[in-house]
Amino acid sequence: MKRNVVSHMVSAHGLSQRRACRLANLNLSTWQYKARKQVSTDLRDRIIELAAERRRFGYHRLYILLRREGWIVNHKAVHQIYCEEGLQVRKRKRKRIAPAERQPIILPVSTNERWSMDFVSDGLSNGRRFRTLNIVDDYSRECPVIEVDTSLPGTRVVRVLERMAETRGLPKTIVVDNVLYSEAYRNHVRLHFIEPGKPVQNAFVESFNGKFRDECLNEHWFTSMADARRTIEEWRIDYNTRRPHSSLGYLTP
């Protein structure tokens, strides 16, 4: 309002800028201030593109990706565009679960010290159900494998773990929540079973499962088992090599 008053006194009454500002009780430098150049259209377009590619990413992860691409930009500018373009991630409704007793989790200190395993189920476009066996390294947060099929019995789990033993070695401990794995190991690996109904004791893979469902399963319409395997494997590789992880200081596994 004061800026408009000063402008009127200068243009209509011929007062000097200094005198008009003094009469309007406005600092001269404030009146003379010119707004900085607006954020480039290219940056805005790139933020919109990234948000479309990664619909479940918030502005901070988009900011990390932009910095990796070489954009020199402040996170506040990214947040401003993020809000102006209405790119905020919509929260999905979650089922209410019974409160569980929280217990401190002992953190591993090196890669391949402890893995966590769990199953996740989903369906194809024709209604046929399939399951995934998810394995996560609790230290590096890397996902070494996601096995996908309509059925994953204990013998299949054994084959997956034997394959992992040949390609990268096995951890000292595997955290599981199903006695199905009791026959799985004869390779000096200790199995740690969580208590029934307490998924919080297997928090690392539960956290992974949430991201997997939110960013992959819920975002795709699988037309066949081959399509599901291909899409899930692409997401796993992206998760390990490109996705910024807040628990790792926004680095990748």
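Structure's up top.
Computed from a predicted model, the values in this text were never measured in an experiment.

(A) Representation of the overall build of the protein in the model. Of regular secondary structure, the protein possesses nine helices and five strands. Element order for the protein, N to C, with α for helix and β for strand: α-α-α-α-α-α-β-β-β-α-β-β-α-α. For the protein, buried positions account for 39% of its 253 residues. The long-range fraction of contacts in the protein, counting pairs at least 24 apart against all pairs at least 6 apart in sequence, stands at 53%. Accessible surface computed for the protein: about 15,800 Å², of which carbon and sulfur atoms make up 50%.

(B) The arrangement of the nonpolar core in detail. Ranked by internal contacts, the top residues of the largest apolar core, which has 18 residues, are Phe130, Ile146, Phe208, Phe212 and Ile232. Going through the elements one at a time, strand E2 (129–137), strand E3 (145–149), helix H8 (203–215) and helix H9 (225–241) are the ones with two or more residues in this core. Of the residues forming this core, the biggest block, five residues, is contributed by H9.

(C) How the structure looks around the side chain of asparagine 134. Mapping asparagine 134 onto the fold places it in strand E2. For asparagine 134, a relative accessible area of 0% puts it in the buried group. Within the local environment of asparagine 134, its side chain forms a polar contact with the side chain of threonine 132, the two groups lying 3.1 Å apart. Looking at asparagine 134, its side chain comes within polar contact range of the side chain of asparagine 209, at 2.9 Å. When sequence neighbours within four positions are dropped, the list of residues in contact with asparagine 134 reads Ser116, Met117, Asp118, Val120, Val145, Ile146, Val205, Phe208, Asn209 and Phe212.

(D) The arrangement of unusual backbone geometry in detail. In this structure, asparagine 25 is a non-glycine residue whose phi angle is positive, near 55°. Inspection of the secondary structure assignment puts asparagine 25 in the loop between helix H2 (17–23) and helix H3 (28–32). Here arginine 141, not a glycine, exhibits a phi torsion of approximately 65°, which is positive. Relative to the helices and strands, arginine 141 is located in the loop between E2 and E3.

(E) Local environment of the packing of aromatic side chains. Following the criterion strictly, the structure yields seven aromatic pairs and no others. Relative to tryptophan 235, the ring of phenylalanine 212 lies with its centre 5.3 Å away and its plane at 50°, an arrangement referred to as tilted. Highlighted residues: phenylalanine 212 in helix H8 and tryptophan 235 in helix H9, separated in sequence by 23 residues. Neither phenylalanine 212 nor tryptophan 235 differs from the other in exposure class; each is buried. By way of ring pairs, the aromatic residues Phe208, Phe212, Trp235 and Tyr239 are connected into one cluster. Over the ring of phenylalanine 57 we find arginine 61; its NZ or CZ atom is 6.0 Å from the centre of that ring. Residue placement shows arginine 131 over the ring face of phenylalanine 119; its charged tip is 4.0 Å from the ring centre.

Here is what the cut-offs are and how they apply
- Residues numbered from 1 in each chain as written.
- Predicted model: local features only at pLDDT ≥ 70, side-chain atom pairs only at ≥ 80, totals over all residues.
- Heavy atoms only, no water.
- Helix = DSSP H or I, 4+ residues; strand = E, 2+ residues; numbered from the N terminus.
- Buried < 20%, exposed > 50% of the residue type's maximum accessible area, 1.4 Å probe, protein only.
- Contact = heavy atoms within 4.5 Å.
- Areas by Shrake-Rupley, 256 points an atom, 1.4 Å probe, with all protein chains shown as cover.
- Core = buried A, V, L, I, M, F, W, Y, C linked by side-chain atoms within 4.5 Å.
- Polar contact = N/O pair within 3.5 Å; in protein donor to acceptor, adjacent residues only side chain to side chain.
- Phe/Tyr/Trp six-rings, centres within 6.5 Å; stacked < 30°, edge-to-face > 60°.
- Lys NZ or Arg CZ within 6 Å of the ring centre and 35° of its normal.

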